[in-house]
Amino acid sequence: MRLLLVALFGLSVAGCTALESLSGITDYFLGGEDNTDPPSELTQYEPEIELEYLWKESVGSGSGEKFLKLIPAVHEGKIIAADTKGLVLALDLKTGDEIWEADTEAKFAGGPGVSDSTVVLGTNDGNVVALNMANGSVRWTVPVSSEVISVPVISQGVIVVRTTDGRVMALNETDGATLWEYELSVPALSIRGTGAPIVLNENVICGFANGKLLSLRLTDGKHIWETSIAIPGGRTEIERLVDLVVDPVATDGVIFIASYRGGTSAVLEQNGDVIWRNADVSSYTGMSHDWRYLYVSDVSSDVWQLDQRNGASLWKQSDLHQRKLTAPVAYDNYVVVGDFEGYLHWLSKSDGRQVGRIRITDAAIDAQPVVVDDVLYVYAKNGVLAALKARLL
């Protein structure tokens, strides 16, 4: 049973990797009992929406049992997804029909990032691979310092890549040449994974394993500001885990970010000043937002709605406790999360109650669903990629 409970996340320890759960990890490593709460059983509820498949396809072997950031990307009528064995598919967004297929044999672990002309992915053996958006042909492959298990970002002809050894690299979109590099030391013990950077007003925003959020200039990597989102504390390396592995989100000049142990914070884009911090809501999976609220899946797979203005908790949904939820995504009047048994759960934005549920597959879903217009796209770990719509009953 313990092996089942501890096989979710990787922790990098002095150059070696072990797969461990983040819940109950302290007691496990200190030699005590594994006190991780069991996943909640699914409860009965009154459905309020009807869920309709638009299409369902398979993308090779998916991400398998590994913790990776292979999240479908949408661009100009295409949805692009990759598996761990080098397969990349571009499908028609509306029909799921194949537009092109690329079999690169690369060990993809993060991506894809997309632009008008390029699809870019990182590998777990330390390469960045760029494909032609039009037909999937390989444009270039370049080695980087370590594995890439976050989604690369493309902006203004620059590809920004995070590597697991604490580096941020900027590559030329045309040929992969290194434009600049920034490095921050990684703690002795850190959660396996890195949050994807975001580009805001000519600056790259990214979080690090030491709990710091940085702003770097896109053109040359110049340090603009940094702020401590979470400060390590405690007697052991495990107790000092404060990694920022969540992808930050931003709106109206404010950046939202969550730490594994340091809560959720709002930061001014201009100078990095912390506006508020909600210490009760920590996360390693992620968040999304709408015009007013922030939605977060916390470290126990409880889902929260927070007020963007002050971080106040408006509701908490605990029915899906420890079901290894994805980051939530806002969909119309709902919030959607996937879980470890292949279910998608629709929650009401008004109070978090369950209003809809559908099982996509029997494999886990760990990639945040993607919403385009009124369609939700979800990618499971066994490679199942599906498009769905929700309608009121």
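Residues numbered from 1 in each chain as written. Predicted model: local features only at pLDDT ≥ 70, side-chain atom pairs only at ≥ 80, totals over all residues. Heavy atoms only, no water.

An unreviewed UniProt entry annotates the protein chain as Outer membrane protein assembly factor BamB of Methylotuvimicrobium buryatense. Under the UniProt heading Sequence similarities (unreviewed entry), the entry covering the protein chain gives this text: "Belongs to the BamB family." (UniProt positions renumbered as here; feature names shortened; annotations may be inferred.)

**Student:** It is not clear to me how the overall build of the protein chain should be interpreted in this structure. Could you clarify?
**Tutor:** In terms of regular secondary structure, the protein chain is built from two helices and 36 strands. For the protein chain, with 393 residues in total, the buried portion stands at 59%. A separation of at least 24 residues holds for 47% of the contacts in the protein chain among residues at least 6 apart in sequence. Total accessible area computed for the protein chain in this model is approximately 15700 Å², and 48% of it derives from carbon and sulfur atoms. (Helix = DSSP H or I, 4+ residues; strand = E, 2+ residues; numbered from the N terminus. Buried < 20%, exposed > 50% of the residue type's maximum accessible area, 1.4 Å probe, protein only. Contact = heavy atoms within 4.5 Å. Areas by Shrake-Rupley, 256 points an atom, 1.4 Å probe, with all protein chains shown as cover.)

**Student:** I'm lost on the environment of Thr95 in this one. Help?
**Tutor:** You can see Thr95 is positioned in the loop between β7 (87-92) and β8 (98-103). When its relative accessible area of 39% is taken as the criterion, Thr95 is described as partly exposed. Considering only alpha carbons, one finds Thr95 and Leu54, 41 residues apart in sequence, at a separation of 7.3 Å. Side-chain polar atoms of Thr95 contact the side chain of Asp97, separated by 3.1 Å. (Polar contact = N/O pair within 3.5 Å; in protein donor to acceptor, adjacent residues only side chain to side chain.)

**Student:** Would you mind showing me how to read the sheet that holds strand β22 (residues 249-251) here?
**Tutor:** Sheet strands pair by backbone hydrogen bonding; their relative direction is either parallel or antiparallel. The four strands are arranged β22-β23-β24-β25 in an open sheet whose pairing can be described as antiparallel. Of all strands in the sheet, those bounded by a partner on one side alone are β22 and β25 (274-278). Averaged over all pairs of adjacent strands, the angle between their axes in this sheet comes to 20 degrees, without regard to strand direction. Alignment of strand β23 (residues 254-258) against strand β24 (residues 264-268), held across five bridges, turns out to be antiparallel. Of the residues in β24, the one forming a bridge with Val254 is Leu268. (Pairing = 2+ DSSP bridges. Axes fitted to C-alpha atoms, helices over the stretch in contact; angles between N-to-C directions.)

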